Amino acid sequence: MSTLLLKNADVLITMDDDRHRFADGGLFVRHNFIEQVGPTAKLPPTADTVIDARGMVVLPGLINTHHHLYQTLTRCVAQDYRLFDWLKTLYRIWAGLTPEAVHVSAKVGLVELMLSGCTTASDHLYIYPNGARIDDEIRAAQELGMRFHPCRGSMSLGESKGGLPPDSVVEDEEAILRDTQRAIEQFHEPQRGGMVRIVVAPCSPFSVTPDLMREAAALARSYGVRLHTHLAETLDEEEFCRRKFGRRPVAYAEELGWLGDDVWHAHCVHLNAKEIALFARTGTGVAHCPSSNMRLASGIAPIREMLDAGIKVGLAVDGSASNDSSHMLAEARQALLLQRVGGDPAALSAEEALWLATRGGAAVLGRDDVGALAPGMCADFIGFHLERLDYAGAAHDPLAALVFCTPQRVDLSVINGQVRVQEGRIVDLELEPLIRRHNEISRKMLE
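Throughout what follows, the structure given in this document is the object of discussion. Treat the numbers as computed from the prediction; the structure is a model and nothing was measured.

Quick word on the packing of aromatic side chains
Piece 1. In the structure shown here, the tally under the stated rule is eight aromatic pairs.
Piece 2. Aromatic side chains Phe206 and Phe240 sit 6.3 Å apart centroid to centroid with 80 degrees between the ring planes, which places their arrangement in the edge-to-face category. Here Phe240 lies in helix 6 (residues 235-245) and Phe206 lies in the loop between strand 9 (199-202) and helix 5 (210-223), a separation of 34 residues in the sequence. Across the pair, exposure class does not vary: Phe206 and Phe240 are buried alike.
Piece 3. The rings of Tyr70, Trp86, Tyr91, Trp94 and Tyr126 are connected pair by pair, giving a single aromatic cluster.
Piece 4. Between the NZ or CZ atom of Arg19 and the centre of the ring of Trp355, over which it lies, the distance is 4.0 Å.
Piece 5. Over the ring of Tyr128 we find Arg152, and its NZ or CZ is 4.0 Å from the ring centre.

What to know about the environment of Thr180
Piece 1. Mapping Thr180 onto the fold places it in helix 4 (residues 173-187).
Piece 2. Note on Thr180: relative accessible area 2%, which makes it buried.
Piece 3. For the pair Thr180 and Cys151, spaced 29 residues apart in sequence, the C-alpha to C-alpha distance is 9.2 Å.
Piece 4. Within the structure, the side chain of Thr180 is placed 2.7 Å from the backbone oxygen of Ile176, a separation counted as a polar contact.

Quick look at the pattern of salt bridges
Piece 1. Here the structure, examined in full by the defined rule, presents 31 salt bridges.
Piece 2. The residue Arg182 makes a salt bridge to Asp135 at a minimum N-O spacing of 2.7 Å. Of this pair, Arg182 sits in helix 4 while Asp135 sits in helix 3 (residues 134-144), and the two are 47 residues apart along the sequence.
Piece 3. Of the residues examined, Asp135 reaches a relative accessible area of 11% and is grouped as buried.
Piece 4. The salt bridge partner of Glu238 is Arg248, with a shortest N-O separation of 3.0 Å. Residue Glu238 is located in helix 6, and its partner Arg248 is located in the loop between helix 6 and helix 7 (249-255); the two are separated by ten residues in the primary sequence.
Piece 5. Given the relative accessible area of 14%, Glu238 is considered buried.

Quick notes on the environment of Asp167
Piece 1. Along the polypeptide, Asp167 turns up in the loop between strand 8 (147-154) and helix 4.
Piece 2. A relative accessible area of 39% means that Asp167 is categorised as partly exposed.
Piece 3. Sequence spacing of Asp167 and Glu137 is 30 residues, and the spatial spacing of their C-alpha atoms is 24 Å.
Piece 4. Look past the residues within four positions of Asp167 in its chain and what remains in contact with it is Gly158, Glu159 and Ser160.
Piece 5. Engagement of the side chain of Asp167 in a polar contact is seen with the side chain of Ser160, the distance being 2.7 Å.

Looking at the packing of helix 2 (residues 99-115) against helix 14 (residues 431-446)
Piece 1. At a closest axis distance of 10 Å, the pairing of helix 2 and helix 14 adopts a crossing angle of 130 degrees. One way to sum up the angle between helix 2 and helix 14 is to call them oblique. For the crossing formed where helix 2 meets helix 14, the hand is left-handed. In this structure, helix 2 uses Glu100, Ala101, Val104, Ser105, Lys107, Val108 and Val111 to contact helix 14, whose residues at the interface are Leu431, Leu434, Arg437, His438 and Ile441.
Piece 2. Across the contact of helix 2 with helix 14, the residue classes break down as seven nonpolar, two polar and three charged.

Concerning the pairing of strand 11 (residues 263-267)
Piece 1. By the criterion of burial, strand 11 is predominantly enclosed, with five of the five residues buried.
Piece 2. Bridge count for strand 11 against strand 12 (residues 285-288) is three bridges, and the pairing is parallel. Paired with His265 across the strands is Val286, a residue of strand 12.
Piece 3. Once you follow strand 11 into helix 8 (residues 273-282) and on to strand 12, the crossover reads as right-handed.

Some points on the side chain of His67
Piece 1. By the element assignment, His67 lies in the loop between strand 6 (62-64) and helix 1 (83-94).
Piece 2. For His67, a relative accessible area of 0% corresponds to the buried category.
Piece 3. Setting aside its immediate chain neighbours within four residues, His67 contacts Leu113, Ser122, Asp123, His124, Val317, Asp318, Gly319, Ser320 and Ser326.

What to know about the pairing of strand 8
Piece 1. Within strand 8, eight of the eight residues are buried, leaving the element largely enclosed by the surrounding structure.
Piece 2. Residues Arg147, His149, Cys151 and Gly153 line one face of strand 8 and the alternating positions Phe148, Pro150, Arg152 and Ser154 line the opposite face, and both faces are buried.
Piece 3. Read as a crossover between parallel neighbours, the route from strand 7 (residues 118-125) over helix 3 to strand 8 is right-handed.
Piece 4. Of the pairings in the sheet, the one linking strand 8 to strand 9 comprises four bridges and is parallel in character. Residue pairing across strands places Cys151 opposite Val199, the latter belonging to strand 9.
Piece 5. In this region the chain leaves strand 8, passes through helix 4 and returns to the parallel neighbour strand 9; the handedness of that crossover is right-handed.

Some words on the nonpolar core
Piece 1. Counting residues in each nonpolar core, the largest one holds 126 residues, and the members touching the most others are Trp94 and Leu110.
Piece 2. With ten residues, helix 2 is the largest single contributor of residues to this core.
Piece 3. Once residues lying within four places of it in the same chain are set aside, the contact partners of Trp94 are Tyr70, Gln71, Thr74, Trp86, Leu87, Tyr126, Ile127, Pro129, Ala321 and Met445.
Piece 4. Within the second largest apolar cluster, 19 residues are counted, among which are Ile34, Ala372, Phe381 and Leu412.

Things to note about the sheet that holds strand 13 (residues 313-315)
Piece 1. Taken together, eight strands build an open sheet; the order of strands is 6-7-8-9-10-11-12-13 and the sheet is parallel. Two strands bound the open sheet, and with one partner strand each, they are strand 6 and strand 13. For this sheet, the mean inter-axis angle between neighbouring strands, taken without regard to orientation, is 20 degrees.
Piece 2. Strand direction decides the pairing type here: strand 6 and strand 7, joined by three bridges, are parallel. Residue Leu62 lies in a different strand from strand 7, and its bridge partner there is Cys118.
Piece 3. Strands strand 6, strand 7 and strand 8 of the sheet are contacted by helix 2, whose axis makes an angle of about 145 degrees with strand 7.

Definitions and cut-offs
Residues numbered from 1 in each chain as written. Predicted model: local features only at pLDDT ≥ 70, side-chain atom pairs only at ≥ 80, totals over all residues. Heavy atoms only, no water. Phe/Tyr/Trp six-rings, centres within 6.5 Å; stacked < 30°, edge-to-face > 60°. Helix = DSSP H or I, 4+ residues; strand = E, 2+ residues; numbered from the N terminus. Buried < 20%, exposed > 50% of the residue type's maximum accessible area, 1.4 Å probe, protein only. Lys NZ or Arg CZ within 6 Å of the ring centre and 35° of its normal. Polar contact = N/O pair within 3.5 Å; in protein donor to acceptor, adjacent residues only side chain to side chain. Salt bridge = Lys/Arg side-chain N within 4 Å of Asp/Glu carboxyl O. Contact = heavy atoms within 4.5 Å. Axes fitted to C-alpha atoms, helices over the stretch in contact; angles between N-to-C directions. Parallel < 35°, antiparallel > 145°, perpendicular 65-115°, else oblique. Left-handed = near helix turned anticlockwise from the far one by under 90°. Nonpolar A, V, L, I, M, F, W, Y, C, P; charged D, E, K, R; others polar. Pairing = 2+ DSSP bridges. Right-handed = clockwise from strand over helix to strand, strands pointing away. Core = buried A, V, L, I, M, F, W, Y, C linked by side-chain atoms within 4.5 Å.

Quick look at the structure:
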């Protein structure tokens, strides 16, 4: 079995249940799982791979709970629109996606996430034109060595039937369910440490039918996989649900069986106190997307109230057409600032922001093997050099430096016991040709 030793970290932040931190800390890995964590002096002296983390703060890899990786192709489009008009503009561009476009854009987005410290990412791919399949983005994650939760999304309710998307980009519901089942059977890895976990994910209340929501939930539960969708993102969505279904989005989701500890929803900006209590009681999770919610003027999700109620909350960058970035540390900083803008300077602490990005994300994705550095956990961890201009004057609190200071790229990333970022660069990847091809595809779609 291969072994790995990380030693001499200035500070090792475990994010374990007791929130241990170790000065001159390190960890020992055997066969992709952590075996020991603590002061360097108490660890085995050597291993097959040895990483000297002197001068670094080391912490668990960050976990992104909601994304649309294909949207890296369409950044900075529909710059001043709210969600529905933004979508109507972009649906027709996304109709030009191809299998190569999905693969290349996923690779670009995942590289961007990895360089920001993300080691586990969930992606919601819900549009499949021109032969594109979820396989195309799974292949990108496998090539990069990223831990990946691809959501087999879908849209079936076109404009002619009262939905938001044009008919040209929706799918037949039986075909959706068949392909979702195929993806689960072909790719899902339920075992501890699994690198690919398929999620069942009809897109939204305004793009699929109630029948598809019910049948998708039944399919997911028959295979023991998780469920995900967008919910309560905007007031326009709330009005749509009241008009079409006669109830608010959360009540609609409850009626369809879309609450529970195997479900998480993206956004949840417009939840009232009763709905927050319902989420807490049912164990339903939330992917918080602060930058996207601000970009589209959707509002401020009541995260402090959710956390106080005991809701599982993870952090998410959302798609790069509504965030225009895929930087997890930037999102942690934004989450902290956005909760404080209402007037409470202690509404969210730096440690809580990083907790959302690690342990919170793990809970939302239903994983007990990532998000913390402790014996038995997956060897997913990251390191940032502290001796840099951006952290000057913040050495007294390295954890706070990561969140309060300008977000930086990661210097070290280990995923599943494999070094994937070294000295700030992705291992075994020529980035320039990837970016060049990505931009070629983007230009063709936008034309």
